[in-house]
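Understanding the architecture of this molecule
The lines below spell out each chain.
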Amino acid sequence: MKEQILAFSLLFFSFSLLAEGKKLHQPNGIKNSSNYFVKKEEKNFFLLLEARKFGRGEAILFRLTPKNKKWIHENFKVFWMGKEVILSKQGSSQIGFLAISPDAAPGSMNLEIQSKIFFVKRGTKQYQIQLEPTKFQVIQKNQTIKVDEKFVTQELSKETLEFIKECSKAKEVAFAKESGLQFSDNFKLPLDRIHITSKFYVRRDYNKKKGKPHGGVDFRGKSGTPILSIQDGTVVLARPMYYEGNFTVLDHGNKIFTFYMHQSEMLVKVGDKVKKGQVIGKVGSTGMSTGPHLHLGAKIANTLIDPLSLISIAGIMEESGEELASSKK
Ligand SMILES: [Zn+2]
């Protein structure tokens with residue numbers, strides 16, 4: 001597989017050379033042989049970024065490989081859009097995951113790498129990465145789509161309102177969990193047969209009311225179809241919710257979460273460790289749903305991202321950024 005490499009410096013350059021290598025023809029825009037790479041060689045480290053695209057709602061893999069292994073006391077701190085990135089050691093490099101907000105303003109995004117040796121600042125590098133334009137789909141529905149009346153009526157009972165409140169509190173607690181990185185390999189798709197019925201951040205209107213952007217990806221599936229965990233992780237929530245129906249949230253560490261909605265059955269419980277590919281539940285139509293499907297969502301550092309962008313990243317288990325960087329033409 002040949003990757004295209006984007007070289008960039010303190011100021012931004014944008015190239016989108018097409019990969020010549022074989023394309024893995026994955027359905028529905030899930031591609032990982034034509035991902036974009038940014039790489040940079042500095043005095044003391046190699047930097048490598050990988051993303052399906054540097055656009056709104058996308059996940060980016062960050063990899064930093066120190067050049068001189070003798071400098072064991074060299075510490076790196078990384079800031080993405082002003083916020084510190086959680087890094088995890090992987091072989092001789094450190095990896096992290098960056099999120100581009102689906103609501104990111106046009107322009108450039110800031111990545112800062114600070115290095116220190118024995119608490120002495122060695123240097124700070126700033127990189128400006130240009131945001132690629134992304135247009136999310138807008139679906140205008142003229143007819144009223146069938147949603148259970150209980151989801152659209154303004155007058156909800158006191159009990160229902162309390163239940164909704166309690167559900168959102170439970171979500172808050174689950175997404176606040178912090179743990180170290182729980183995986184070392186790429187993500188996978190959540191179903192054996194993939195047919196996407198609604199993309200990320202599509203705006204849909206329910207009963208003529210302007211809906212919120214779609215916070216995940218919908219996969220078609222018959223009721224009872226096994227749902228697979230897309231990555232190793234820990235179950236931090238598994239319970240019935242008002243809107244989400246039977247809802248499972250997995251913590252993958254470093255503030256990366258994936259979540260699975262509308263299940264007919266949940267097969268894991270809070271505290272369970274799950275493996276990538278493990279059956280965690282079954283497709284259903286519980287909660288606010290018009291028919292059996294899986295809604296898959298993902299968050300990095302409290303930012304909703306397109307789960308397919310995470311699944312598309314192909315270089316999570318790569319040993320070294322050094323090798324890739326030295327292959328520069
Ligand atoms: Zn959905």
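Here we summarise the structure given alongside this text. (Residues numbered from 1 in each chain as written. Predicted model: local features only at pLDDT ≥ 70, side-chain atom pairs only at ≥ 80, totals over all residues.)

Of note, Asn254 is a non-glycine position whose phi angle comes to about 50°, a positive value. When you line up the elements, Asn254 lands in the loop between β17 (245–253) and β18 (256–263). Judged by the 20 C-beta atoms lying within 10 Å of it, Asn254 falls in the buried class. At Asn302, a position not held by glycine, the phi torsion is positive, near 65°. Along the chain, the position of Asn302 falls in the loop between β22 (293–300) and β23 (303–305). When the 12 C-beta atoms within 10 Å are taken as the criterion, Asn302 is described as exposed. (Helix = DSSP H or I, 4+ residues; strand = E, 2+ residues; numbered from the N terminus. Buried ≥ 20, exposed ≤ 12 C-beta atoms within 10 Å, placed from the backbone.)

Before going further, it helps to examine the nonpolar core. Residues Leu49, Ala59, Ile60, Phe62 and Val249 are the most contacted members of the largest nonpolar core, which totals 62 residues. By residue number, the principal contributor to this core is strand β3 (residues 45–51), which donates 6 residues. Structurally, this core is a two-domain feature, drawing no fewer than three residues from each of domain 1 (6–134 + 318–326) and domain 2 (138–311). Discounting residues that sit within four places of it in the chain, Ile60 has contacts with Leu49, Glu50, Ala51, Leu98 and Ile100. (Core = buried A, V, L, I, M, F, W, Y, C linked by C-beta atoms within 7 Å. Domains from an automatic or database assignment. Contact = placed C-beta atoms within 7 Å.)

Take the pairing of β18 next. β18 sits mainly inside the fold: 8 of its 8 residues count as buried. Between β17 and β18, which pair antiparallel in sequence order, lie 2 residues; one of them, Asn254, sits at a positive phi of approximately 50°. Inspection of the sheet shows β18 paired to β22 by 6 bridges, in the antiparallel sense. Paired with Tyr260 across the two strands is Leu296, which belongs to β22. (Pairing = 2+ DSSP bridges.)

If you walk across this open sheet you meet the 4 strands as β6-β5-β9-β10, and the pairing is antiparallel. Two strands bound the open sheet, and with one partner strand each, they are β6 (83–84) and β10 (120–130). Pairing of strand β5 (residues 74–80) with strand β9 (residues 108–117), which is carried by 7 bridges, proceeds in the antiparallel orientation. Bridge pairing links Phe76 to Ser115 in β9.

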